[in-house]
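Here are the chains, one letter per residue:
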Amino acid sequence: MKHGGDLSLAIERFGGAAGDWLDLSTGINPHPYPIGQDLSAAAWTALPGRVAEEQLLSAARRAYAVPDHLGLVAAPGTQVLLSLLPMLLPDGACAIAAPTYQSHKAVWLREERELIELSSVYALPADAKIVVLVNPNNPDGQLIDVKSLLEIARILTERGGYLVLDEAFADVIPGASILPHLGGENVVVLRSFGKFFGLAGVRLGFLAGPHAIVEKLSARLESWSVSGPALEIGATALRDRDWQDATVRRLADEMADLTIALSEQQLSVFGGTPLYALAGLRDAKGLHEALARRHIWTRIFDYAPTWIRLGLPGSQENLQRLVDALSEARAELQQTGRRRRRER
């Protein structure tokens, strides 16, 4: 699975229609920010304007606590931003902590940059010029403390290098972001709008970093890179502090319920964030497929055959549906295992 969330693949293999499925394969908030009917007609009919972009960036700067000395740019999703970084940052080896979001590795290899896989972020290779970290990490949720991140950033700055931090899931963990603590270090930070606000289809992301990097990136993106609706929706949602605070609490409560439910079904939850749980079991692929036969879509990983990731169900009804499906799926797998042992 390259990414979670593509139900067309699930439907093609396991049948059903989109409305039949409970999609737990992504780390997207199942309670989206309410868009309502407040979008202006101009958002749809006019080319995106400078004032609307400035309003979005101002709201993002406050929401993400971006220091005044850093530049900030918006783009149609962080995927676009991370794909451009190898062309903007200095030459030299790039170290990426693994396992993590696979697109980071892919974009650096595509540009034929030397790549080093880090087994520990606390043991930086002497020849690494760029270090890419996802914090909190996807899929295991590992969180690196700000003090350690600043030390890594200072080491790389002294080498003339950069720390790249993907904070796609930082919204759900107060205090996780490095942004409020940055001084003159060479750090670029990616922030995703769609995951926390539950509006992945809006396609909106941000990069904060030194002005020289942001200016180069803005030139690459050129004019009208963010749509008019995304500009308005983003600015409104990012200014709504009350909704954000209430949502952080709600997601934490729902993840606690999901963790308990998974544990009761003998799934060992060992990682994740308030938007997804990472569990371990002997046959993750078998469980994934058994759940898919019941039209519940989860996320598995080629590099970790004992891992399965599940997003928030979004309601008590959906949580109970998952619990029932897990009970049935586990019984099915146990029966299959017994039959195979008899056949041997």
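Look up: the structure comes first, before these words.
What you see is a predicted model, and the numbers here were worked out from it, not measured in a lab. (Residues numbered from 1 in each chain as written. Predicted model: local features only at pLDDT ≥ 70, side-chain atom pairs only at ≥ 80, totals over all residues. Heavy atoms only, no water.)

> Mind showing me how you'd approach the pairing of strand E13 (residues 304–311) here?
Consecutive side chains along a regular strand alternate between the two faces of the sheet. Burial analysis of E13 places 6 of its 8 residues in the buried class, the great majority of the element. Bridging between strand E10 (residues 276–280) and E13 involves 5 bridges; their strand directions are antiparallel. Counted as the bridge partner of Tyr276 is Gly311 from E13. Where strand E12 (residues 299–301) folds back on E13, the antiparallel hairpin that results is connected by 2 residues. (Buried < 20%, exposed > 50% of the residue type's maximum accessible area, 1.4 Å probe, protein only. Helix = DSSP H or I, 4+ residues; strand = E, 2+ residues; numbered from the N terminus. Pairing = 2+ DSSP bridges.)

> Explain the packing of helix H11 (residues 284–292) against helix H12 (residues 316–343) here, please?
In contact at an axis separation of 9 Å, H11 and H12 are set at 125° when each is read in the N-to-C sense. Considered as vectors, H11 and H12 are oriented oblique to each other. Remark: the crossing between H11 and H12 carries right-handed chirality. In this structure, H11 uses Gly286, Leu287, Ala290 and Leu291 to contact H12, whose residues at the interface are Ala325, Leu326, Ala329, Glu332 and Leu333. Residue composition of the contact of H11 with H12, grouped by class: 7 nonpolar, 1 polar and 1 charged. (Axes fitted to C-alpha atoms, helices over the stretch in contact; angles between N-to-C directions. Parallel < 35°, antiparallel > 145°, perpendicular 65-115°, else oblique. Left-handed = near helix turned anticlockwise from the far one by under 90°. Contact = heavy atoms within 4.5 Å. Nonpolar A, V, L, I, M, F, W, Y, C, P; charged D, E, K, R; others polar.)

> What is the right way to look at the layout of surface pockets in this model?
Summary: where empty space remains is shown by rolling a probe the size of a single water molecule over the atoms. Of the pockets and cavities examined, the largest pocket occupies roughly 620 Å³. Lining of the largest pocket is provided by 30 residues; of these, His3, Gln79, Tyr101, Asn138 and Lys195 occupy positions nearest its centre. Looking at the lining of the largest pocket, the elements that each hand over two or more residues are helix H4 (78–88), helix H7 (194–197) and E12. Tallying contributions element by element places H4 first for the lining of the largest pocket, with 3 residues. Counted by class, the lining of the largest pocket contains 11 nonpolar, 13 polar and 6 charged residues. In this structure, the second largest pocket occupies an estimated 490 Å³ of space. Around the second largest pocket, the lining comprises 18 residues; the ones closest to its centre are Arg282, Asp283, Arg330, Leu333 and Gln334. Broken down by secondary-structure element, the contributors of at least two residues to the lining of the second largest pocket are H11 and H12. Looking at the lining of the second largest pocket element by element, the count peaks at 9 residues for H12. (1 Å grid on protein atoms, 1.4 Å probe; cavity = no way out; pocket = protein on both sides within 12 Å on 5 of 7 lines; lining within 4 Å. Points joined across faces, edges and corners; volume = space filled by probe spheres on them.)

> Explanation requested: the sheet that holds strand E6 (residues 162–166) in the structure shown.
Across a sheet, paired strands are connected by hydrogen bonds in the backbone, their directions being either parallel or antiparallel. Strand order in this open sheet of 7 strands is E2-E8-E7-E6-E5-E3-E4, and the pairing throughout is mixed. The sheet is open, and its two borders are formed by strand E2 (71–75) and strand E4 (115–118), each paired with just one other strand. Within the sheet, the average angular offset between the axes of one strand and its neighbour, ignoring direction, is 20°. The pairing of strand E3 (residues 93–97) with E4 spans 4 bridges and is classified as parallel. The residue bridging Ala97 from the neighbouring strand is Leu118, located in E4. Strands in contact with helix H8 (residues 211–221) are E2, E6, strand E7 (187–192) and strand E8 (205–209); relative to E2, the strand with the most contacts, it is inclined by about 25°.

> Can you walk me through the nonpolar core in this structure?
Note that soluble globular proteins tend to have their nonpolar side chains buried in a common cluster. Among the nonpolar cores identified, the biggest contains 84 residues, and Leu133, Leu163, Phe193, Phe197, Phe206 and Leu238 are the most heavily contacted of them. When residues of this core are assigned to their parent elements, the largest contribution, 7 residues, is made by helix H10 (residues 241–264). Here Phe197 is in contact with Pro32, Tyr33, Ala237, Leu238, Trp243 and Gln244, once residues within four sequence places are set aside. Counting 23 residues, the second largest nonpolar core, distinct from the first, contains Leu82, Leu84, Cys94 and Ile96. (Core = buried A, V, L, I, M, F, W, Y, C linked by side-chain atoms within 4.5 Å.)

> I'm lost on the sheet that holds E13 in this one. Help?
Read from one edge of the open sheet, 4 strands run E9-E10-E13-E12, paired in antiparallel fashion. Each edge of the open sheet carries a strand with a single partner, namely strand E9 (268–273) and E12. Along the sheet, successive strands turn relative to each other by an average axial angle of 25°, direction set aside. The pairing of E12 with E13 spans 3 bridges and is classified as antiparallel. Its bridge partner lying in E13, Ile300 is registered against Ile308. Its contacts with the sheet put H10 on E9, E10 and E13, and the angle it makes with E10 is roughly 20°.

> Would you take a moment to explain the environment of Gly92 for this structure?
Locating Gly92 in the fold gives a position in the loop between H4 and E3. Judged by relative accessible area, which is 30%, Gly92 ranks as partly exposed. Put simply, Gly92 and Asp127 are 35 residues apart on the chain and 7.8 Å apart in space, counted from C-alpha to C-alpha. In contact with Gly92, not counting residues within four places along its chain, are Arg113, Glu114 and Lys129.

Everything listed here is a matter of geometry and, on its own, says nothing about what the molecule does.
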